[in-house]
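Coordinate analysis (summary)
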Amino acid sequence: MSEFVKVRELVEGLDLEILSGSDEALEKKIETSDISRPGLELTGYFSYYSHDRVQLLGKKEISFTEKMLPEELLGVMRKICHEDTPAIVISRSLDFAPEILQVAQEMDIALLRSKVATSRLLGGISSFLDEKLAARTSVHGVLMDVYGLGVLIQGDSGIGKSETGLELIKRGHRLIADDRVDVYQKDELTVIGEPPKILEHLLEIRGVGIIDVMNLFGASAVRGSMQVQLAIYLEMFTPDKKFDRLGSGTQTVEIANVDVPQIRIPVKTGRNLSIIIEAAAMNYRAKSMGYDATKAFEERLSNLIQENSGEV
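Here is what the cut-offs are and how they apply
Starting afresh in each chain, residues are numbered from 1 along the sequence in its written order. Two thresholds apply to this predicted model, a pLDDT of at least 70 for residue-level local features and 80 or more for giving and counting side-chain atom pairs, whereas whole-chain, interface and lining totals are computed over all residues. With hydrogens and water excluded, all non-hydrogen atoms of the structure serve as input to the side-chain values. UniProt positions are given in the numbering used here, feature names are shortened, and annotations may be inferred rather than shown by experiment. Strands qualify as paired when DSSP identifies two bridges or more between them. Strands are runs of DSSP state E lasting at least two residues, helices are runs of H or I lasting at least four, and both sets are numbered from the N terminus onward. Each axis is a line fitted through C-alpha atoms, and for a helix only the stretch in contact is used; angles between axes span 0 to 180 degrees, taken between their N-to-C directions. Contacts between residues were defined by any pair of non-hydrogen atoms, one from each residue, lying within 4.5 Å. Any residue with relative accessible area above 30% and no salt bridge may belong to a patch, with like charges joined within 9 Å and the nonpolar Val, Leu, Ile, Met, Phe, Trp and Tyr side chains within 5 Å. Per-residue and other accessible areas follow the Shrake-Rupley method at a 1.4 Å probe size, with only the shown protein chains counted as cover for residues. A side-chain nitrogen of Lys or Arg and a carboxyl oxygen of Asp or Glu constitute a salt bridge if their distance falls within 4 Å. Residue count minus one, scaled by 1.5 Å, sets the expected span of a helix. Each residue is placed in one exposure class: buried if its accessible area under a 1.4 Å probe, protein chains only, is under 20% of its type's maximum, exposed if it is over 50%, and partly exposed if it falls in between. It is the directions from the helix axis to the C-beta atoms whose arc is reported.

Going by an unreviewed UniProt entry, the chain carries the name HPr kinase/phosphorylase and comes from Pilibacter termitis. Turning to the chain, the UniProt record has this under Subunit (unreviewed entry): "Homohexamer." The UniProt entry for the chain carries the following comment under Cofactor (unreviewed entry): "Mg(2+)".

This is the structure we're talking about:
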């Protein structure tokens, strides 16, 4: 979990124009993803003002400031701007009163501007900060982009997860992370996985060592992050173990407080795991779109039994 985001990161992440602000101002910490639109504060109401948030001024706020006297606006802006106010962002490339710039410079608070409409900018800033400030945990496995589906391959050590990932890469799919996957909850139903910086684009193959996937296979073979939509657990096949043959069972695994569908696949000599995982990913996508092959089979079987019962 990152405890804060620097204003400079916000500028770079959302391509914001810097109108004012020293290097120290750009190094200020943003510690919450909540955004303040100080409309009431411009009228003088400060009872519930959150000065430690990014302050967003849209068309309504800027229009209101244009009707204020310069001395009045200076007084209000000096109340809005605190030492821990990270930045002031103006949307829609709007022109603004010089008093706003004056106070921002007095307090050395970064004054930023975007071309984006206010509501979209608000969502963009919140989403960016939510992602950066989200609590992160790590899970063991290989995260792959298989046909646009985030597939987390897990299993016992030495069972062949990385080798399977390598085969999937050779078949045109993309690596997100190998061995350790950093995951965080984006919302109640979505978990995102990404590689630790030290392991980015790297894959470890026993007997070969560490390989750089982007170097060997090109930029199209890797991806920076991906939603984890399906978990596949590889386990050694033994006659005493029972595996789901029809696919009628529903199993999930909790990852970063989100329940992710899980499929357990037996591993034994002669099984092509990469092709099986491709099929599992396509079958999951088909189910998500409303087609369930297991239900179709069960309906056919039920119809056949009824027909045979009628003949008897």
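Text resumes after the structure shown.
**Quick look at the sheet that holds strand 16 (residues 226–227)**
Reading across from one edge, 8-12-13-16 is the order of the four strands in this open sheet, with antiparallel pairing throughout. Strands at the two margins of the open sheet, each flanked by one partner only, are strand 8 (136–140) and strand 16.

**Observations concerning the sheet that holds strand 18 (residues 252–255)**
Strand pairing in a sheet takes place through backbone hydrogen bonds and is either antiparallel or parallel in direction. Here we have six strands laid out as an open sheet, ordered 11-9-10-17-19-18, and mixed in their pairing. Both outer strands of the open sheet, strand 11 (174–177) and strand 18, are each paired with one neighbouring strand and no more. Adjacent strand axes in the sheet meet at a mean angle of 35 degrees when their direction is disregarded. Contacting strand 9 (142–146), strand 10 (149–155), strand 17 (230–236) and strand 19 (258–267), helix 10 (residues 273–288) runs over the sheet at an angle of about 145 degrees to strand 19.

**Quick look at a nonpolar patch on the surface**
Residues Leu-40, Tyr-45 and Tyr-48 make up a contiguous nonpolar surface patch of about 390 Å² in total accessible area. Looking at the element boundaries, Tyr-48 is found in the loop between helix 3 (39–42) and strand 5 (54–57).

**Things to note about helix 10**
For helix 10, with 16 residues, the first-to-last C-alpha span of 22 Å sits near the 22 Å given by 1.5 Å per residue. Taken together, the buried positions of helix 10 are Leu-273, Ser-274, Ile-277, Glu-278, Ala-280 and Ala-281. Projection of helix 10 onto a plane perpendicular to its axis shows the buried side chains occupying an angular sector of 160 degrees, all on one side. Of the surrounding elements, those touching the buried residues of helix 10 are strand 9, strand 10, helix 8 (161–170), strand 17 and strand 19. Directly beyond the C-terminal end of helix 10, a positive phi value near 110 degrees is found at Gly-290.

**What to know about the pattern of salt bridges**
Applying the stated rule across the entire model yields 14 salt bridges. We note a salt bridge from Asp-23 to Arg-8, for which the minimum N-O separation is 3.9 Å. Taken together, the residues span a long stretch of sequence, with Asp-23 in helix 2 (residues 23–26) and Arg-8 in helix 1 (residues 7–14) at a distance of 15 residues. Owing to a relative accessible area of 54%, Asp-23 belongs among the exposed residues under this scheme. For Arg-8, a relative accessible area of 28% translates into the label partly exposed. Between Arg-174 and Asp-145 there is a salt bridge, with the nearest N and O atoms lying 3.0 Å from each other. With a gap of 29 residues between them, Arg-174 in strand 11 and Asp-145 in strand 9 connect regions that are remote in the sequence. Residue Asp-145 is classed as buried on the basis of its relative accessible area, which comes to 5%.

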